[in-house]
Structure formats: structure tokens, C-alpha cells
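A structural walkthrough
The primary structure of each chain is shown beneath.
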Amino acid sequence: MFTRLLAPLVLVTVSGIAYGQSFTPKDMAAAAELRDRAMNDNTAYELVTSLTTEVGPRAAGSPGDRAAVEWAERNLRRLGFSSVRRMDVIVPHWVRGTASFEVRSPYPQSMPVLALGGSIGTADTGLTADIVMVDNLAALKALPPGAVKDRIVFFAGRTERTRDGSGYGKAVQVRAQGPSAAAALGAIGVVIRSIGTSNNRFPHTGALSYNISAPRIPAVALSNPDADALERQVASGKPVTVSMTVSARDLPQTLSANVIGEIPGTDPNAEIVLVGAHLDSWDPGTGALDDGAGVAIVMTAAKLIRETNPKPRRTIRVVLFANEEFGLSGSLTYANKIDEEFSRHAVALESDFGAGPVLQLASRVPANLLPAIQAVQEVVAPLGVEPGGNEANGGADLAPLRRLGMPLIGPQLDGTNYFDVHHTANDTLDQVDPEHIRQAAAVYAVSAYLAAQLPVSWGRNTTPTPAPN
Ligand SMILES: [Zn+2]
């Protein structure tokens, strides 16, 4: 009993707080030095500048996708990564084409739209029908039988602006499931209010998910101001007739790749700390926030760790996933291919929520490791990072590993304005604040470095993960 009580007091941090079985004073000092160096390092901003300028849009299967894979390999090598390689990933290849939307009556005018990702095209002559407006999926299902037969369904529900992205989480069901839900009831087309919070006329795209039990029908998104205008036409009480054309089409599946690079750990028997982001983007913008910033943040974090002493004990593995946006091809392939190597993965982080700043440090780790997360948070507290809960989800690309019990460290970025530009033509470099992305890279660097130094096993999460406090 005496020794168990005494042991934590031996490992005292620079601030004088005991963290039990977590980090040595030397590691804590190195992490603080890493943080300060990161705050003076411009690599992340330079990388997102390079990716958005030299590659630009990079939707799965497109020439930009191939260019992005080459860009990633080239830059990982340039930054001194080891074992730089591709993991082949088969990806769908959907081509957007053009889309148009016109109100025929009662008050004729055209409105800009974007096809939802994966939408089928219409005939060249388009579709013309009366619309039926509903708020959301529940409202659609509550309609009387036959109400949407041969009609175009207009989903008018709004996305709530939130700091943590929960507003998007609630609203996005309509984009994913709305087209098939409407088709199952006999609708011939769908138009949605963009899943986004912007008030300009740029619509937000994003993937739909056709259900095999319903016919495939075309689906487009209107901007918020145009959705408001369409609502006013409906409010006139007169039937609202619209036409839409979509020239999107599916091409055969093609090859893309997860691009991987490592900062080798000093202990060859130690495990891997995975730091991920996705290399693909939607095509209307240049994927600066989604997810060029994430790519830049994780590459920079690992590059800074490479320059840190003491060197990391565990290996830092950066994985730039293929095709997150249109079916998570890269992360599913990764989770399948690592198979027996899964046991070598200690803990994972993902960056796919813009360019910062990080507001909180959340996690999803076994309860006995919460003091280690607290130690990490104390190092980044001077950057304005508060403690988060222990219910982090990582990001979409970590979902397959999370389901297998992989512990996660989840820096929570400020999402207040993220859904103003997400999946729009406005997702461009000017949205990235150089100061904020430096802070985010610093938080990821400190988190991944200390994750590599934890002297005990990260273990595995069992379900349910214990809630904090
Ligand atoms: Zn993303």
C-alpha cells in the first residue's frame, strides 16, 4: 500500500503535479518545448497552401485525387518521413457534371444548385413536377399515403450553428437518407436546403446514400437564401412547379491510395500512434478546411516530433486516407488490411474538422489513463485548450478502429463557422487562419508525442466507454 501510494509521487511534472503512471519530467519538458516550437512553425500553413494551390479539388477517382496522392508522397519524403508508401484503395468515381434548378410557377426564376454526391443524372430534358415541402425525414414519413407520388420533395429543415458540430450531425440525415426515403414513397426527385450554416448563394454538396430497396432519384441542394425564397413561394399557397436537370454520372471504380509515412520510434518493439486525416475533398472548392487543413496539421505534428528530443518511443504513423467523402473507402481498407497489425496500434488521433483553433482536449481511453490525458491537456492549456470529455469519436476515418476498441485522443476544434464553407465553393485557402492552424498543429504534436511516450499500455476501450465526471 505504501509503495503504491509513493510511486506516483516519483513521477512529478514540471508543474509539481503528480500524474501517477504517466510521463517523466523529461518527457513533459520535451512536450512543452515542442509546443513552443510548434507555435513558431509555419509548416502547416505552407502545406495547406501548397495542396490547395498545386492540387486543388481532389474528389475520389478524379485527376486531382491522383495528383494529391503524388503530392502527399513527395511532401512526406521532403519532410523526412520514413517508410513512405501507398496502400492501394479502390474508390468509386462519380462525376458531378452540371445541375440546374428552375421554379416554373407561381413566380418563375432559376436558383443555383449542386448535385448531392452520388446523385444520378436526369434525362437531358430534366424533371418537371410540383414540389412537396417537408422539414425532415419524420415529417416526410408522417405525410398521407401518395402525397409525394410523382412529385419532387423539398426538405427545408435548417442546420443549427454549434461549436461542436452537433447541429450538422442532426441535419445531415436528410442529405444521406432523404433521396431514398422520398423515392420509396414514389417521389421522382429531391431538393434539399443545404446542410450548412452559410447565408450566401453557394450550395453545400455532400454524399447521399442510396438504399438498394428504393429507386434511385436525382437530388440537389439549394443555398440557404434560395431555400428561403422557395419556402416563400410555397407560402403563397399556390402550387409550386419546378424543373431540375442533373448531368452527374458514375464511371467505373478506380484506384486511389492511402498514403502513409512514419517517424520511427526508438523502441522497435513498441506500438504505433496513428495520426490521420483525409486526402480527398469535394470538388466545388479546393478542400482547404476539409480536409487540407487536417492533412497539414497531422503532417506538421509528426514532422515537429521528428525534431524533438528525446525521440518518440512509439512510432508515429501518419495516414492520409483516400476517399473519406464518398464512402470512407480508405479507412475501411486500412482497417481490413492492418488485420493482425491492429494489436500494434496503441492510440489514434484524427484531424478532420477545419483549421482550428483547438478548444478542448477530449479522449476515449480506458478510465485508468485519464490522468495521462489530463497531463497532455496541462501542456496545451497555455494555448487555450480546456479539458474535454472522454467520449470523443475521433473522426469518420477512425470509426472502423474505434469500433474495435482503439483508444482515441480527440482535440476538439472550433466548429462555429466550419459549416459556413464545408463542401462549398468557398472552401478555399482564405478560410485558414495561419495563427489558428499553428495552434492546432501544436496541440496535435504534443498529444501524439506524449501518446508515444506513455510508459504503460494504452489498452483497449470496452463498450460503453466510461463517461467523464
Ligand atoms: Zn472531411
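This report concerns the structure included in the present document. Residue positions are given per chain, counting from 1 as you read along its sequence in written order. Per-residue local features of the predicted model are confined to residues with pLDDT of at least 70, and side-chain atom pairs are confined, for both listing and counting, to 80 or more; whole-chain, interface and lining totals are unaffected and use all residues. As a convention, hydrogens and water are excluded, and side-chain values are obtained from all of the structure's heavy atoms.

1. Remarks on the layout of surface pockets
Here a cavity is any set of points on a 1 Å grid over the protein atoms alone where a 1.4 Å probe fits but cannot get out, and a pocket is any open set with protein on both sides within 12 Å along at least 5 of 7 lines; a residue lines the site when it has an atom within 4 Å of a point. Grid points are joined across faces, edges and corners, and a volume is the space filled by probe spheres set on the points. Approximately 1200 Å³ is the volume attributed to the largest pocket. The wall of the largest pocket is formed by 42 residues, among which Tyr168, Phe353, Gly394, Gly395 and Ala396 lie closest to the centre. Among the elements that take part in the lining of the largest pocket, helix α6 (residues 166-184) stands out by supplying 7 residues, more than any other. Under this grouping Gly is polar, as are all residues other than the nonpolar Ala, Val, Leu, Ile, Met, Phe, Trp, Tyr, Cys and Pro and the charged Asp, Glu, Lys and Arg. Across the lining of the largest pocket, the residue classes tally to 17 nonpolar, 14 polar and 11 charged. Split by domain, the lining of the largest pocket shows at least three residues from each of two domains, domain 1 (2-94 + 252-453) and domain 2 (97-247). Where helices and strands are cited, they refer to DSSP runs of H or I of at least four residues and of E of at least two residues respectively, numbered from the N terminus. Where each domain starts and ends follows an automatic or database-derived domain assignment.

2. Considering the sheet that holds strand β4 (residues 113-115)
At least two bridges found by DSSP between two strands are what make those strands a pair. Read from one edge to the other, the open sheet built from 8 strands follows the order β3-β2-β9-β5-β6-β7-β8-β4, with strand pairing classed as mixed. The open sheet has two edge strands, β3 (109-111) and β4, and neither has a second partner. Strand-to-strand twist of the sheet, defined as the mean angle between neighbouring strand axes without regard to direction, takes the value 30°. The pairing of strand β5 (residues 127-134) with strand β6 (residues 152-155) spans 4 bridges and is parallel. The residue of β6 that forms the bridge with isoleucine 131 is isoleucine 152. For helices, the fitted axis covers only the stretch in contact; all axes are lines through C-alpha atoms, and the angles between them, taken along N-to-C directions, range from 0 to 180 degrees.

3. Considering helix α10 (residues 370-380)
Buried residues are those whose accessible area, probed at 1.4 Å on protein chains only, stays under 20% of the maximum for their type, while exposed residues exceed 50% and partly exposed ones sit between those limits. Those residues of α10 lying buried are Ala372, Ile373, Ala375, Val376, Gln377, Val379 and Val380. Residues are treated as being in contact if the distance between any of their heavy atoms lies within 4.5 Å. For α10, the elements touching its buried residues are α2 (25-38), β14 (358-364), β15 (386-387), β16 (408-413) and α13 (434-453).

4. Concerning the coordination of the zinc ion
Distances decide who is a donor: an N, O or S atom must be within 2.8 Å of the metal, or within 3.2 Å for Na, K and Ca. Water is not included, so sites may look incomplete. Around the zinc ion, the protein contributes the donor atoms His278 (NE2), Asp290 (OD), Asp352 (OD) and Asp352 (OD), which lie 1.9 to 2.7 Å from the metal centre. When four donors show all angles between 85 and 135 degrees the site is tetrahedral, when four or six donors have opposite pairs over 155 degrees and all other angles between 65 and 115 it is square planar or octahedral respectively, and in every other case it is irregular. Around the zinc ion sit 4 donor atoms, and with donor-metal-donor angles ranging over 52 to 149° the site reads as irregular. The motif formed by the donor residues of the zinc ion, counted along the single chain, is H-x11-D-x61-D. Taken together, the residues span a long stretch of sequence, with aspartate 290 in helix α8 (residues 288-306) and aspartate 352 in the loop between β13 (345-350) and β14 at a distance of 62 residues.

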